[in-house]
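# Structural features, examined
Listed below, chain by chain, are the residues.
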Amino acid sequence: MDVNGTVAEGFEPVREAFAANFALLGERGAALAVYRDGHRVVDLWAGTRDVDGTAPWERGTAQVVRSATKGVAAAALLLLHQRGELDLDAPVGEYWPQYKAAGKERTLVRHLLAHRAGVPVLDRPLTPEEAADPDLGAAAVAAQAPVWEPGTDHGYHAQTYSWLTGELVRRVTGRGVGRWIAEEIAAPVGADLWLGLPEAEQARVGRVGPIAGPEAAGGLKVRPKRAVSEAYADPDSLTRRAFAAITPLPDENDPAYQRAALPASNGIATADGLARFYASLIGEVDGGARLFTPATTELARTEQSAGPDRVLVVGTRFGAGYMLHGSASPLLSPGSFGHPGRGGALGFADPESGIAFGYVTNGFRKSVTADPRAQTLVRSVRSALG
């Protein structure tokens, strides 16, 4: 596999690991960008832009990043908090009165960020067309009764995170969440990332799809724990119901879906865009603004939830909207914070080392929080740092 791009001196192991993903882990097309102290030190891409095609991946090819979008959505709420427009300790109903229904009047804004709101499921799932309508999505979660008392436990809000965060942004700012992110995050940072893809950018986006596990490409087979397998197999489990809050599953390659703004699942980004975004959360970045103050950076990575996740059925750790380093989602170091996308993408920042990381792929695997390809790349960055 011909790997395009550059690495700074000392980061040669990262290029080797990136190439090995194609040889050993079935990678079809992918890109990786890494910033250190605001400067890009890794910029790599290889393979095909479409998971089922032959056209080459080019510099600037973008892909759907699934739940890696959640990290961008979290930044929107934290920036509003940083500006004094949103109080994380206020009840959600203070900004969104309809949300007080069905026993949710004590839900705090920070509960939404830390997956403690108790509404990971919808009793009546939304169709993809309904899910794309912010009014319908907001009404559905506002009416939903919690499955645990908000604030007392945590479980991954796989799909409902879209309307919980998106509606708060809309209530506070008067702007749709996609527009707000474009104007207040992507543009100041100079990051190629979108929530609600503009038609003018459609030609840059590759096709995504499933790929086989590493056992089909000479790697080791990874077996999930029995409890996890059973949870995904049981249609009545919180796990299945959380991911099925949109039913049937959307066609992620449909331009209409990509034009929607679903902060939980359908952001589109380049690897460089994802890495630049995270670089802006921990410091100055070449040619772009710093978004978070040091205090907000600390808030983002301060543990809010930890332990058995009622949806993912593994131990997870969350800060204010971000997954934290742990066994379910290993990042660079204990101080790292970020968010994976189910089956592939990963973005995170590590304040201690100054590293910001963005990986995007067109091939989705069955992994949820710790894709082997992304983990190989994280280990290679750790190795390069010594």
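Above this text sits the structure in question.
So, a few notes on the structure that sits alongside this text. In this numbering scheme, every chain counts its residues from 1 along its sequence in written order. With pLDDT at 70 or above as the cut-off, local features in this predicted model cover only qualifying residues; side-chain atom pairs require 80 or more to be listed or tallied, and sums for whole chains, interfaces and linings still use all residues. To get the side-chain values, take all heavy atoms of the structure and skip hydrogens and water.

### Let's talk about the overall build of the chain
- Summing up its helical and strand segments, the chain has 14 helices and 14 strands in all.
- For this measure, only C-alpha atoms enter the radius of gyration; the expected value for a globule follows 2.2 Å times N^0.38, where N is the number of residues. Here the C-alpha radius of gyration of the chain, 19 Å, is about what a compact globule of 386 residues would show, namely 21 Å.
- Taken along the three principal axes of its C-alpha coordinates, the chain extends 55 × 45 × 40 Å.
- Evaluated residue by residue, the chain yields a buried proportion of 59% over its 386 residues.
- Per-residue accessibility takes into account occlusion by the displayed protein chains alone, with areas from the Shrake-Rupley method and a 1.4 Å probe. On the chain, roughly 14700 Å² of surface is accessible, and the fraction owed to carbon and sulfur atoms is 51%.
- Counting rule for charge: Lys and Arg are taken as positive, Asp and Glu as negative, and neither His nor the chain ends is counted. By convention, the point assigned to a charge is CZ for Arg, NZ for Lys, CD for Glu and CG for Asp. For the chain, the distance from the average site of its 39 positive side-chain charges to the average site of its 44 negative ones is 4 Å. To qualify as a helix, a DSSP run of H or I must reach at least 4 residues; to qualify as a strand, a run of E must reach at least 2; elements of each kind are numbered from the N terminus. Between buried and exposed lies partly exposed: a residue is buried under 20% and exposed over 50% of the maximum accessible area for its type, with that area taken using a 1.4 Å probe on protein chains only.

### Topic: the pattern of salt bridges
- Here, a salt bridge means any side-chain nitrogen of Lys or Arg that lies within 4 Å of a carboxyl oxygen of Asp or Glu. All chains considered together, the criterion is met by 24 salt bridges.
- Of the charged contacts in the structure, one is a salt bridge between arginine 66 and glutamate 252, with a shortest N-O distance of 2.9 Å. Taken as a pair, arginine 66 in the loop between strand 4 (63-64) and helix 2 (69-82) and glutamate 252 in the loop between helix 10 (238-243) and helix 11 (255-259) lie far apart in primary sequence, 186 residues in all. The pair arginine 66 / glutamate 252 is uniform in exposure class, with both members buried.
- With a closest N to O distance of 2.6 Å, arginine 110 and aspartate 89 form a salt bridge. Pair noted here: arginine 110 is in helix 4 (residues 109-113) and aspartate 89 is in the loop between helix 2 and helix 3 (92-95), with a separation of 21 residues, a long-range link.
- Assessed through its relative accessible area of 45%, aspartate 89 is described here as partly exposed.

### A few points about the sheet that holds strand 5 (residues 193-194)
- At least two bridges found by DSSP between two strands is the condition for calling them paired. Strand order in the open sheet formed by three strands is 4-7-5, and the pairing between neighbours is antiparallel. Only two strands of the sheet have a single neighbouring strand rather than two, namely strand 4 and strand 5.

### Quick look at the pairing of strand 8 (residues 305-308)
- The pairing of strand 8 with strand 9 (residues 315-318) spans four bridges and is classified as antiparallel. Looking across to strand 9, one finds that alanine 306 is bridged to arginine 317.
- Where strand 8 folds back onto strand 9 in an antiparallel hairpin, the turn is made up of six residues, including valine 313, whose phi is positive at roughly 60 degrees.

### A short note on the nonpolar core
- Core analysis: the largest hydrophobic core is formed by 76 residues, its most contacted members being Leu78, Tyr99, Ile185, Phe277, Phe292 and Tyr322.
- Examining the composition of this core, we find that nine residues originate from one element, helix 2, more than from any other.
- Residues within four places of phenylalanine 292 in sequence aside, it is in contact with Ala75, Leu78, Leu79, Gln82, Ser280, Leu281, Thr297, Ala300 and Tyr322.
- Take the buried residues of types Ala, Val, Leu, Ile, Met, Phe, Trp, Tyr and Cys, join any two whose side-chain atoms come within 4.5 Å, and each joined set is a nonpolar core. By size, the runner-up hydrophobic cluster in this structure holds 25 residues, among which are Phe348, Tyr359, Ala374 and Val381. Contacts between residues were defined by any pair of non-hydrogen atoms, one from each residue, lying within 4.5 Å.

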